[in-house]
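# Chain and residue survey
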Amino acid sequence: MDAKSLIAVLDNEIAHLRSVYSTYARLYGSDSDTRNLLSDSDAAFFGDLYIVYLNYISVGVARLLDPEETLGKPNLTIFRLIATLKSAGHPEAEKLHQRLLDIKTRAYNFTDPRKQLVAHLDYKAHCIEPGKKPIPSFTKPEFEEFYRDTGQLMNDIRAIIGMPPCMYEWGIVGHGCGRKLIHRLKTASDHIAARASNKALHATAAAPGS
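Throughout this description, residue numbers start from 1 for each chain and increase along the sequence as written. It should be noted that, the model being predicted, local features are given only for residues of pLDDT at least 70 and side-chain atom pairs only at 80 or more, the latter also being counted only at that level, while totals for whole chains, interfaces and linings use all residues. Water and hydrogen atoms were dropped before computing side-chain values, which therefore reflect all heavy atoms in the structure.

Bringing the pattern of salt bridges into the picture now. By convention in these notes, a salt bridge is any Lys or Arg side-chain nitrogen within 4 Å of a carboxyl oxygen on Asp or Glu. In this structure the tally under the stated criterion is nine salt bridges. For the salt bridge of lysine 86 with glutamate 94, the shortest nitrogen-to-oxygen distance reads 2.9 Å. For lysine 86, a relative accessible area of 52% puts it in the exposed group. Owing to a relative accessible area of 47%, glutamate 94 belongs among the partly exposed residues under this scheme. Overlapping salt bridges, with partners in common, bring together Arg106, Glu145, Arg148 and Asp149 in one network. Note on exposure labels: buried denotes an accessible area under 20% of the residue type's maximum, exposed denotes more than 50%, and partly exposed covers the range between, all computed with a 1.4 Å probe on protein chains only.

Aromatic rings from Phe, Tyr and Trp, with only the six-membered ring used for Trp, were paired whenever their centres fell within 6.5 Å, and each pair was classed as stacked if the ring planes differed by under 30 degrees, edge-to-face if by over 60, and tilted otherwise. Considering all chains together, one arrives at 14 aromatic pairs under this definition. With 6.1 Å between their ring centres and 45 degrees between their planes, tyrosine 24 and tyrosine 53 make a pair best called tilted. Taken together, the residues tyrosine 24 in helix 1 (residues 3-28) and tyrosine 53 in helix 2 (residues 32-64) connect sequence positions 29 residues apart. You'll find tyrosine 24 and tyrosine 53 in the same group, each marked buried. Taken together, the aromatic side chains of Tyr21, Tyr24, Tyr28, Tyr50, Tyr53, Phe110, Phe138, Phe143, Phe146 and Tyr147 make up a single cluster linked through ring pairs. Secondary structure is summarised from DSSP: a helix means a run of H or I of at least four residues, a strand means a run of E of at least two, and numbering begins at the N terminus for each.

Mapped onto the elements of the fold, threonine 150 is located in helix 6 (residues 140-160). Assessed through its relative accessible area of 2%, threonine 150 is described here as buried. A distance of 2.7 Å separates the side chain of threonine 150 from the backbone oxygen of phenylalanine 146, its partner in a polar contact. Contacts are residue-level and defined by heavy atoms, with any inter-residue pair within 4.5 Å sufficient. Excluding residues that lie within four positions of it along the chain, threonine 150 makes contacts with Ile14, Ile78 and Ile103. For the purposes of these results, a polar contact is taken to be a pair of N or O atoms within 3.5 Å, where, inside protein, one atom must be able to donate a hydrogen and its partner to accept one; residues adjacent in sequence count only when each atom of the pair is a side-chain atom.

Take a look at the structure:
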């Protein structure tokens, strides 16, 4: 694949990752009322879903930062894109490679857990407390830093090969669906509360001596 074809694939991956993170942040990074709503709706389900989101986002970031090849097989990653630029004779490739290495170094809270998540039952990777599984843990600023720096890097690459910039920093590509889910849960919760209140009123009205 040439650089432009690689960018098209990577842009889709970056957009999808942003969309998934937007939904996660809306569900679990909002106010206490939202968290209480999730807990009241189905605490066990949304507790499990929380871990699923952490794992998915961690793997998504780490995949974008994978090396250009693994065991001799090329990867569809940003390192592969930069290697393609280098093969095409672009002198900026070395500095871009170093910037990407710096991004990967700072993203250890995504890449390190991912190594455990995909290692299955590898002894060294899972040499942790018995009965516990590796769970990714990252902060909102860490994801935003990764997304911002990666977007800037991708736009610099676009400029080198004469492509227009993509507005990664605007978040246009990631809509997220957390807001809709929260709205539906709130509507259902209000409806159930209203029905319970009406039943209580009818029961009081029908009671002898009322």
